[in-house]
Amino acid sequence: MNLRRRLLWALGLGWGWGATPALFAQHVSQEELLRPYVGINSAQKGRVKLEIARLADNGFNVPLKVSVQSPMTAQDHVRRLLLLSNRNPRPLMAGFEFGPGSDQVLISTRVRLGGSQTVYALAQTSDGIWWLDTAEVEVTESACLDQT
Amino acid sequence: MTSTTQLKNVSNGVLTRRQFVVSSAMASGGLALGFHFPAAAQSNELSTLGGSEINAWVVVRPDDSCVIRIARAEMGQGTHTGLAQLVAEELECDWSKVSLQTFTPGQNLARKRVWRNMSTGGSRGIRESQEYVRQGGAAARIMLLQAASAEWKVPVGELKVEKGIVSHAASGKTTSYGKLAAQAALLPAPDPKSFSLKNPKDWKLLGKSPNRLDTAPKVNGTIKYGIDTALPGMQYAAIKACPVFGGKLVSFDATKISKRRGIKAVVRVDDESVAVVADSFWRAKSALEVLPIKWDFGANAKESSASIAKRLKEGLTSTENVFADIDIGNVGEAIQGATKKIEAVYGTPFVSHACMEPMNCTARVTADRAEVWVSTQNAEAALAAVAAVTGLHIEKCEAYNPPLGGGFGRRGGTQDYVRQAALIAKQFLGTPIKLIWTREEDMSHDFFRPIGQCRLVAGLNNQGDLVGLHLRVSGQSINAFVAPHNIVDGKDRRQLQGYWKDAGEAQLGYTVPNLRVEYAMRNTHVPVGPWRGVNTNQNAIYLECFMDEVARAAGKDPLAFRRSLITNHPKHLGVLDAAADKSGWNSPLPAGRFRGIAQFMGYGSYTAAVAEVSIKGNDIRVHRLVLATNCGHAVNPVQIASQIEGSVAYGMDSLQAESSIKDGRIVEKNFDTYPIARMYQMPKIESVIAPTYDFWGGVGEPTICVVAPAILNAIAAARGGKPVRMLPLKNEGLRLV
């Protein structure tokens, strides 16, 4: 099995991050989104690769894949991986924990998206640095429905 | 049916009044030229058709003809022509040399969605994209002029352009777009912030009604709808889903039909449907009819129209799962203290879209490519659905979108038929599979206009003034079914469309000192979706028919009563007056004729209608309908009038038709039991287009919602004040003749 999940914890729980997320009806900025979850306003591009289709005909279960380049040694490994939404009422869609025992970081899952938005995949390496990849997803609009 | 159209400016203080009859505008019609439709693209590169692509929207060919690219789907609403007019106005090209080119969602994606949203619905085509498509036309014009400026070494400001001919007065030089195109295409695109769009006062093409660009192929029969798709080696599929919504397919006995002529296979499509694939549709369909199928109907088989009605009725007075979107003053006290209290419960049934072209999709799937040919309101959604079903990367998938034989929301909300076709084709790698739904399948598995009831209570003081209004809608939510993310904090405001406080989209026109507007979500097992006009249809019936009941109780004229409540909303008042004036509201009618009036707002536009009916026994004849629409800017008045006329037909469908439920499934499966408006029922239609030129409103949907209440109010007047509260008309033994 190439998918190793040490822990998938309940949305919004875990380290007490975002335990009471705001109900975001609209897109939030990267800064607003990241601060409650990673404690900083930005992360470095690189190492993380997020694969998700540019278009989804609905947001009910959108497939995605995330991989992180890392030797996964005791000295240099991925600790955490987060999937964040800048539009869902609960921005933290999923979180995963890894350790040096994991031979690779590769996640394949489905998420629910509350409309067109940017999906964020964030990985923290053992040196404490957060790495980031993002993807724009267009959840195609239903005919005759507006944004209300 | 006869119709006349009048274009007038409503005096709401924005612009001066002007009137002219549209027939004069019709005289300026241009040539109807062809479409360039990608039947099958070999790559994601969009052809430039032998010309130079100035920008994403405009291609100019050496013979001066201009190709305008269109992102939206054409389903009869005329958006292709209207959008082309928007580009051509700014481009300053020769309209008689304009043709259209559509493209695929794969091509849009390959160019990072340069053409933006391809979704066609919500009467959004023009109002949502008018700015960026006009900017596309203007940017192309600027680049063409810059090319002339560089060639002649004169400032751009000294150049003039008209109908694609560029001239320089001082030197007497002239040239044409066709000669400049190749050089212009090499220039950098100007920043949209660096130029401004034309003042509407200077428009030459917008506001006029050139002929539609797609009329000829429709008249001569060369147009290809999705159902006309034919590919070499194509096989046909007929499908049957569990007749009870939510039920499952258990098993089928393929041996019973496998020896029939032309049968290729019987396939399980998904958890709820089975398909027969054959070398002709007739053979597939006939075999499917006799295929032994075992279904697990599940608990929903107990549902019926009666059980659903009971649930809605509970919602009318319940304190559970209800929210107030408007709560002004104290409705309870106001009605309690009123001199007169009026109360009514209205109901509207599930209705089907009944597109003339039933759902269909042709799919071809190979190991590394998947393509569909499908009439859809949202080609990007179809593409996404194919990618999801096949598991192929979206760049390896494509969706070709021919014109639609009717959409009305059915082909936009859900790409269920696309998914099915791809699921079947996946089992026949390399063979194109054309899936066609029968009419019965189409009407049994629609995403219906949601069912609803509404309880309204009003209080009048001793002068007959409305002092309190309590309105509660109880019914099924579309968002809960197709877009739950649009429900915020459990509040689905969409179901109250047309009763909103906020201006701009679907605002309530009346001002009532004590007002409470509530929604109780009561969902059913029946799939629902947007149906042309969506919630404005039901909500206008509830409120506008009740307003007549209240006016009657107050002893007031329905127009005067409405006018007294609508003064804070001049645009609502404007169309109400426009319809009333044109109808001759205050003039006497022939004996036996009665009038009804209604006004409402939806999709950013204001509408009102006056109906004239007579009644003989149970037969209702609608003689005349006057409809006024203010859509802000009227891009193509004749097309707007056509949309209004189509709205009348659709509005009259909804008076007569019902998709009822028995044993968890739909009862009315074809036009024998599901009546739609017939030619003989159509009244004389008079359209008053009343633009105020200060906003961009929709056109495809807004006028439908006033058709039914205007007719119902006229029927009530003809019956001595007895309203029809529970649709369809047959519930009261009435029919349209």
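(A) Here's a closer look at the nonpolar core. Grouped together as the largest cluster of nonpolar side chains are 261 residues, with contacts concentrated most on V276, V386, A579 and A609 of chain B. Take this core: its biggest share by element is 13 residues, from helix α19 (residues 704-718) of chain B.

(B) Just helix α4 (residues 125-152) of chain B, in detail. Residue and element names in this part refer to chain B. If you check α4, its first and last C-alpha atoms are 39 Å apart, about what 28 residues at 1.5 Å a residue would give, namely 40 Å. Largest kink in α4: about 45 degrees, centred on E131. Downstream of α4 by one or two residues, K153 has phi in the positive range, about 55 degrees.

(C) Fine view of the packing of α4 of chain B against helix α5 (residues 177-184) of chain B. Residues and elements named next belong to chain B. Put simply, α4 and α5 touch, their axes get as near as 8 Å, and they point 90 degrees apart. If you check the angle between α4 and α5, you find them roughly perpendicular. Counted together, M143, L144, Q146, A147 and A148 of α4 and Y177, L180, Q183 and A184 of α5 form the full contact between these two elements. Among the residues making up the contact of α4 with α5, the classes are represented as seven nonpolar, two polar and no charged.

(D) Looking closely at the packing of helix α16 (residues 558-566) of chain B against helix α17 (residues 570-583) of chain B. Residue and element names in this part refer to chain B. It is the contact of α16 with α17, at a shortest axis distance of 10 Å, that shows an interaxial angle of 160 degrees. With respect to α17, the element α16 is oriented roughly antiparallel. The element α16 and its partner α17 pack so that their crossing is left-handed. On α17, the residues that touch L559, R562, R563 and I566 of α16 are H572, L573, L576 and A580. For the contact of α16 with α17, the residue count by class is five nonpolar, one polar and two charged.

(E) Looking closely at the confidence of the model for chain A. Residue and element names in this part refer to chain A. Across chain A, pLDDT averages 82, with 79% of residues at or above 70. By mean pLDDT, helix α1 (residues 30-38) is the weakest element of chain A at 89, and strand β2 (residues 48-52) is the strongest at 97. Taken together, the stretch residues 1-25 has pLDDT below 50 and engages in 42 contacts with residues farther than four places along the chain or on a different chain.

(F) Examining helix α15 (residues 535-554) of chain B more closely. Between its terminal C-alpha atoms α15 of chain B stretches 28 Å, which fits the 28 Å expected from 20 residues at 1.5 Å a residue. The positive-phi residue at the C-terminal boundary of α15 of chain B is G555 of chain B, with phi of around 70 degrees.

(G) The pairing of strand β4 (residues 62-68) of chain A, seen in detail. Residues and elements named next belong to chain A. Among the seven residues of β4, five are classified as buried, and the element is accordingly described as predominantly covered. Where β2 meets β4, five bridges bridge the pair, whose relative direction is antiparallel. When the bridges of β4 are listed, V48 appears paired with V68. Where β4 and strand β7 (residues 105-111) come together, seven bridges link them in antiparallel fashion. What sits directly across from V66, in β7, is I107.

(H) Spotlight on the sheet that holds strand β24 (residues 514-521) of chain B. All names here are of chain B. What the five strands build is an open sheet, ordered β16-β24-β23-β22-β17; its pairing is mixed. Where the open sheet ends on each side, the last strands, each with one partner, are β16 (322-328) and β17 (340-348). Neighbour-to-neighbour, the strand axes of this sheet turn through a mean angle of 10 degrees, independent of strand direction. In this structure, strand β22 (residues 452-460) lies alongside strand β23 (residues 466-475), joined through nine bridges in antiparallel fashion. What sits directly across from C454, in β23, is V473. The strands touched by α15 within the sheet are β17, β22 and β23, with β17 carrying the most contacts at an inclination of about 155 degrees.

What counts, and at which threshold
Note that residues are indexed from 1 along each chain, following the sequence as it is written. Key to labels: chains lettered from A, ligands numbered from 1, both in the order written. For this predicted model, a pLDDT threshold of at least 70 governs which residues receive local features, and a threshold of 80 or more governs which side-chain atom pairs are given and counted, while totals over whole chains, interfaces and linings are taken from all residues. Nonpolar core, as used here: buried Ala, Val, Leu, Ile, Met, Phe, Trp, Tyr and Cys residues forming one set through C-beta atoms within 7 Å. Burial in this document is a count-based property: other C-beta atoms within 10 Å of a residue's C-beta are tallied, and the residue is buried at 20 or more, exposed at 12 or fewer, or partly exposed in between, with C-beta positions derived from the backbone. By definition, any uninterrupted DSSP run of H or I lasting at least four residues is a helix, any uninterrupted run of E lasting at least two residues is a strand, and each is numbered from the N terminus. Helix span, as expected, comes to 1.5 Å for every residue beyond the first. Think of it this way: the bend at a residue is just the angle between two axes, each fitted to seven residues, one set ending at that residue and the other starting at it. Here the axes come from fitting lines to C-alpha atoms, over the contacting stretch only for helices, and the angles between their N-to-C directions go from 0 to 180 degrees. If an angle is under 35 degrees, it is roughly parallel; if it is over 145, roughly antiparallel; if it lies from 65 to 115, roughly perpendicular; otherwise it is oblique. Once C-beta atoms are placed from the backbone, any two residues with those atoms within 7 Å are in contact. Residues are grouped as follows: nonpolar covers Ala, Val, Leu, Ile, Met, Phe, Trp, Tyr, Cys and Pro; charged covers Asp, Glu, Lys and Arg; every other residue, Gly included, is treated as polar. Each crossing gets its hand from how the near helix is turned against the far one by less than a right angle, where anticlockwise is left-handed and clockwise is right-handed. The quantity known as pLDDT measures the predictor's confidence residue by residue, on a range of 0 to 100. Two strands are counted as paired when DSSP detects at least two bridges linking them.

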